[in-house]
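A closer look at the structure
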Amino acid sequence: KEGYGNDDIENIKRLREVYESKSMQSDVLHHAERLEGSVRNTGVHAAGIIIAPKDLTELIPIFTSKDTTLCITQIEGSIIEDSGVIKMDFLGLKTLTILKNALELIRQNHGVEVNIDDLPLDDAKTFELYQRADTIGTFQFESPGMQKYLRELKSDKFADLIAMNALYRPGPMAYIPKYVDRKHGREEVSYDLPEMAEYLEETYGITVYKEQVMLLAQKLSTFSKGDADVLRKAMGKKDRKTLDKMKSKFIEGAISKGHPKDKLEKIWTDWEAFAQYAFNKSHSTCYAYVAYQTAYLKAHYPAEYMAAVLNNAGNIEKLTFFMEECKKMGIKVLGPDINESLKGFAVNKAGEIRFGLGGLKGVGEAAVESIIEERKTNGDFSTIFDFIKRINQRTVNKKTLESLVYAGGFDCFTELHRAQYFCVPEGETVCGLEKIVKYGNIVQTQSVQTSNTLFGDLPMVLDVKTPHIQPCPHWPLTEQLDHEKQVTGIYLSGHPLDHYKFEFNHYGVTPVGEFNEVKDSQMLQQANANKTFKLLCLVAEANHRLSRQGNKFGTFVVEDYTAKTELVLFGDDYVRYHHYLELGSAVLICGCFKQRMYKNEFEFRVSSIMLVENIKRQLTKQLQLAVDVRNIQKGMIEFLEENLKKHPGGATLKVVVSEPKENLLVNLVTINNGLEVNDDLINFLAQQPEIEVQVATA
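Attention here is on the structure that accompanies the text. Quantities reported herein were computed from a predicted structural model and do not represent experimental measurements.

Observations concerning the layout of surface pockets
Roughly 730 Å³ of volume is contained in the second largest pocket. Surrounding the second largest pocket, 25 residues form its lining, G43, V44, H45, I72 and T73 being those nearest its centre. Of all elements in the fold, only β1 (48–51), β2 (62–65) and β3 (68–73) reach the threshold of two or more residues within the lining of the second largest pocket. Per element, the largest residue contribution to the lining of the second largest pocket is five residues, and it comes from β3.

Here you go:
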């Protein structure tokens, strides 16, 4: 340090730091070069299977893994076919299980063996189903957008289903209106070259499949089958270099066959655009065929097919959705019945779908099998006492019986209602169900003892008297529904909010389940601060209380189809809104998340509450109906005219008439006289899926 000033020493330190960092960078680069190209980790493709002409060990390196008993290739899937093998992906499809279950139910109920692989492809009832777009629960064709196009297409042949399967994707979807118009003769079918008609005729002059490009490349130019396959792969991978090379070969070969260059340039340009969404006809055909099978079964055996769909719904939301579809189809979905239910959803003799015993919480598999076996062997149960005498109480225990009562499994025994099983009469210590269980135990014990004596033929069990179950009030609907939901996950007898589907769909309502996600996350609360949430819900619990200081407040549990949530009202909010929050009330609660004073926390503050029955009258500013001009019918106009006169109100009616071919719109708006949204109008719109409904709220 002698002879150097402080500044010099600092400069030397900096220089040393730079040197060390450069040295470190050099080491990192050296090691990175050694790592580059090395295998970072191995993975196993869940569906990828290698097929080879001989033992794999003679062709490719393999290894084993604890994840599977199969051998695993050491070559990446993207290049493995270069080693002389074929890679296939075998994917599982839940729809195949649905078909299998449906066929078994059809066999059980109708004694018919349907050969699912030999269905007629021109079945009228199936195509009527597609023309109505009644495709909920079928394969591939059940989305709202697809249903809209199916109603316009009015398909009458299997080829239409193949084309729609290929076209209904982000890129080619724009061609669907043209496909529909050409099918129905509203637009002329044209071809760039007359020779193209041979392969494009089935799709009305529109290129839909990769196979069409391959065949046209061979027909118009000098491409071999191998060249056409290379073109297919290049289009699928969007390989620009290969496509550019093949363009000159295609055009030169096609010119040599006498085709004009300007037409060929256009065709190739169209193909390059097509490459962004090219689809295999073989793939689309297979999917369309499975879809057709599901539609055939839904058209001919609707109850059995929908029972199979319900058995494979997968979650409560889907289950509720498909049960709603059954109602629209006129098929009743009934709760469990001890004399009709099987393990899963099944169809009874009246063509109604019964909830399965295996879907009840607290009812084990052994109990279900025991009940069904006894019923098959000795016939239906006549009363609850007949049931308890005959059933094996080691498998069907008290918990099982409680679940069956809660779900309505014993409702077929009309001498008792659900509340009587759990009612403890005044002056007694046991409920009705405990008396029944005790009676069954005594009968079965005496039966065993009698059969083991010299007097086994004496009917000693007749001395046991059936217990008297005291009458009591029925459960309120909300309590009954709550018990049903506890053991099945859904409401079976109905739902108090069933009458308000229109309000759910058109007034900006947030599902309680979605609201809870925000409520439980400070981050989401901050992101949604001051955003208004509307909760259309049922009051499930209402507790009106006094604080230690003598101030009134209330805690309330509200719920909809998706979830429950708790709300607390204090002070002026409680005084203003407490009369709305009574047990069983259906209400619309509006509010937002606001930051607490002096704290970095948020709380939900209620801004308004109203009864659900007043929503349509008080909140509707404008009702907009959008309809394609091709779907307008005389009856539709007559109904709207009559309804406007019958239900005058403050809401504006706006009708938007569209003509998609020329992209034309006409807006028709009421000026002097508005309307009040009413049940007749809502029911009419529910029957007219081609009318798109929007509500502007006040």
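A short note on the sheet that holds strand β6 (residues 346–347)
For sheets, the rule is that strands pair by backbone hydrogen bonds, running either parallel or antiparallel. Taken in spatial order, the three strands make up an open sheet running β5-β7-β6, and their pairing is mixed. Two strands bound the open sheet, and with one partner strand each, they are β5 (333–334) and β6. Pairing analysis gives two bridges linking β6 to strand β7 (residues 353–354), with the strands arranged antiparallel. Opposite V347, over in β7, you have I353 as the bridge partner.

Topic: the packing of helix α8 (residues 210–220) against helix α11 (residues 261–274)
At a minimum axis separation of 12 Å, α8 and α11 run at an interaxial angle of 155°. The angle between α8 and α11 falls in the class roughly antiparallel. Along this stretch, α8 crosses α11, giving a crossing that reads as left-handed. Touching K210, V213, L216, A217 and L220 of α8 are I267, W271 and F274, all from α11. Broken down by class, the residue content of the contact of α8 with α11 amounts to seven nonpolar, no polar and one charged.

Side note on empty space enclosed by the protein
Applying the stated criterion across every chain yields a total of one cavity of 30 Å³ or more. Counted as a void, the largest cavity has a volume near 30 Å³. Residue composition of the lining of the largest cavity, grouped by class: three nonpolar, three polar and one charged.

Regarding the environment of Y507
One can find Y507 in the loop between α21 (501–506) and α22 (512–519). If near-sequence neighbours (up to four positions away) are discounted, Y507 is found in contact with F502, K534, I615, K616, L619, T620, V695 and T697. At 2.5 Å, the side chain of Y507 and the side chain of T620 are in polar contact.

Each value, and the rule that gives it
- Residues numbered from 1 in each chain as written.
- Predicted model: local features only at pLDDT ≥ 70, side-chain atom pairs only at ≥ 80, totals over all residues.
- Heavy atoms only, no water.
- 1 Å grid on protein atoms, 1.4 Å probe; cavity = no way out; pocket = protein on both sides within 12 Å on 5 of 7 lines; lining within 4 Å.
- Points joined across faces, edges and corners; volume = space filled by probe spheres on them.
- Helix = DSSP H or I, 4+ residues; strand = E, 2+ residues; numbered from the N terminus.
- Pairing = 2+ DSSP bridges.
- Axes fitted to C-alpha atoms, helices over the stretch in contact; angles between N-to-C directions.
- Parallel < 35°, antiparallel > 145°, perpendicular 65-115°, else oblique.
- Left-handed = near helix turned anticlockwise from the far one by under 90°.
- Contact = heavy atoms within 4.5 Å.
- Nonpolar A, V, L, I, M, F, W, Y, C, P; charged D, E, K, R; others polar.
- Polar contact = N/O pair within 3.5 Å; in protein donor to acceptor, adjacent residues only side chain to side chain.

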